[in-house]
Amino acid sequence: LHLADQIIAVSHHTKRTIMRDYDIPEDKIEVVHNSMDRTAVEPLDDTNSYSYLTEMKKHGYKVIVSIGRLTVQKGLSNLLQAFSQVVTREPKSLLLIVGSGELEYELIEQAAALGISRNVIFTGFQRGKPWRDAYSIGDLFVMPSISEPFGLTPLEAIGYGTPALISKQSGVSEVIRNCLKVDFWDIDEMANQMTAVVRSSALQHELHDNALLEYNSISWKKAADQLFTIYRRHLAAVSA
């Protein structure tokens, strides 16, 4: 990092981390936000892999989804604490946690200790159709990460039809305006925002409709153009 002529960070959050942890001057770092390939979002079919959740939704249950590695960085312990408040207020709430990692058994034990085991489903690692269907079955997607350089999963959730609640400590929070945002440590506010979506289908649909407008404007072309501009500037300096 100290030898580099230019450093490119995927978010301002990452830029601040580089400046703080490696003592790099601010003017040496440029931000080019990540994007995603919208053509990679495959069409959904008529049958969802999570038949149990599909049936429960017919009985008025709402589903909150989190997808990612089960590690400390992802903030899932805080999510479980917040979700226990949601269940107290709205018992017909379910939490689907998709992923694997070193905290899996600890999180299962935490759910039991909080008395919400009946409302929390751990699927383990998923890919393909079960992975896509996990996004689409949700009424709300939550990414409660303690720190996330960027974080593509909220964009994937929006692409599969689900609005997002994300931590402010993530790079993607700089890109999406039409989503709910919370500090990862603010368990009470996280619970309040999840409860609001569980209670209001109108809020759920409004969040997603507005987020989808942003999502449809996202393209790797903008990021590529920014990178070309940076490369050309440095090539011109070398040629001079």
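Above this text sits the structure in question.
Below is a short write-up of the structure. None of the values given here were measured: they were computed from a predicted structure.

### Considerations on the overall build of the chain
Counting its regular elements, the chain contains nine helices and eight strands. The C-alpha radius of gyration computed for the chain amounts to 20 Å, which stays within 12% of the reference 18 Å derived for 240 residues, consistent with globular compactness. On the principal axes, the C-alpha backbone points of the chain span a range of 70 × 35 × 30 Å. Residues classed as buried in the chain amount to 46% of the 240 residues present. Residue pairs at least 24 apart in sequence account for 69% of intrachain contacts in the chain once pairs closer than 6 positions are excluded. By element, 54% of the accessible surface of the chain is carried by carbon and sulfur atoms, the whole surface being about 12300 Å².

### Observations regarding the packing of aromatic side chains
To describe a pair of aromatic rings, you give the distance between the ring centres and the angle between the ring planes. By the definition in use, this model includes four aromatic pairs. Where Trp 131 meets Tyr 135, the ring centres are 5.1 Å apart and the plane angle is 85°; that geometry is what we call edge-to-face. Residue Trp 131 and its partner Tyr 135 are both found in helix α5 (residues 128–137); the two are separated by four residues, about one turn of the helix. Using a relative accessible area of 23% as the deciding quantity, one classes Trp 131 as partly exposed. On the basis of relative accessibility, which here comes to 1%, the residue Tyr 135 falls in the buried class. Consider the rings of Tyr 135 and Phe 141, whose centres lie 5.6 Å apart with planes at 45°: the pair is tilted.

### Topic: the pattern of salt bridges
Enumeration over the complete set of coordinates arrives at eleven salt bridges. The partner of Lys 58 in a salt bridge is Glu 55, with the nearest N and O atoms 3.6 Å apart. Separated by three residues within a single helix, Lys 58 and Glu 55 lie in helix α2 (residues 51–58), roughly one turn from each other. Classification of Lys 58 as exposed rests on a relative accessible area of 63%. The class for Glu 55 is partly exposed, based on a relative accessible area of 38%. Ionic pairing is found between Lys 74 and Glu 148, a salt bridge with its closest N-O pair at 3.1 Å. Within this pair, whereas Lys 74 is found in the loop between β3 (62–67) and α3 (76–89), its partner Glu 148 is found in the loop between β6 (140–143) and α6 (153–159), the two being separated by 74 residues in sequence. For the pair shown, Lys 74 and Glu 148 are each scored as buried.

### A word on the pairing of β3
Among the six residues of β3, six are classified as buried, and the element is accordingly described as predominantly covered. Covered by surrounding structure in β3 are Lys 62, Ile 64 and Ser 66 together with Val 63, Val 65 and Ile 67, the residues of both alternating faces. In this fold, the crossover linking β3 to strand β4 (residues 93–98) by way of α3 has right-handed handedness.

### Describing the environment of Glu 26
Secondary-structure assignment places Glu 26 in the loop between α1 (12–22) and β2 (29–31). Taking C-alpha positions, Glu 26 is 9.9 Å from Ile 7, a pair spaced 19 residues apart along the chain. Setting aside residues no more than four positions away along its own chain, Glu 26 makes contact with Lys 15 and Met 19.

### Observations concerning the sheet that holds strand β5 (residues 120–124)
Ordered in space as β5-β4-β3-β6-β7-β8, the six strands form an open sheet in which the pairing is parallel. With one partner strand each, in any of the chains shown, β5 and β8 (180–182) form the two edges of the open sheet. If you compare each strand with its neighbour and ignore which way they point, the axes differ by 20° on average. The pairing of β3 with β6 spans two bridges and is parallel. Bridge assignment links Ile 64 to a residue of β6, and that residue is Leu 140. Together, β3, β4 and β6 form the strand contacts of α5, whose direction differs from that of β3 by roughly 135°.

### Concerning the pairing of β4
Taken across its six residues, β4 has six buried, putting it largely inside the fold. Where burial is concerned, the two faces of β4 agree: the one with Ser 93, Leu 95 and Ile 97 and the one with Leu 94, Leu 96 and Val 98 are both buried. Pairing geometry for β3 and β4, over six bridges, is parallel. The residue bridging Val 63 from the neighbouring strand is Leu 94, located in β4. With helix α4 (residues 104–113) bridging β4 and the parallel β5, this β-α-β connection has right-handed handedness.

The rules behind the values
- Residues numbered from 1 in each chain as written.
- Predicted model: local features only at pLDDT ≥ 70, side-chain atom pairs only at ≥ 80, totals over all residues.
- Heavy atoms only, no water.
- Helix = DSSP H or I, 4+ residues; strand = E, 2+ residues; numbered from the N terminus.
- Rg over C-alpha atoms; globule rule 2.2 N^0.38 Å.
- Buried < 20%, exposed > 50% of the residue type's maximum accessible area, 1.4 Å probe, protein only.
- Contact = heavy atoms within 4.5 Å.
- Areas by Shrake-Rupley, 256 points an atom, 1.4 Å probe, with all protein chains shown as cover.
- Phe/Tyr/Trp six-rings, centres within 6.5 Å; stacked < 30°, edge-to-face > 60°.
- Salt bridge = Lys/Arg side-chain N within 4 Å of Asp/Glu carboxyl O.
- Right-handed = clockwise from strand over helix to strand, strands pointing away.
- Pairing = 2+ DSSP bridges.
- Axes fitted to C-alpha atoms, helices over the stretch in contact; angles between N-to-C directions.

So yeah, pure geometry; function would need other evidence.
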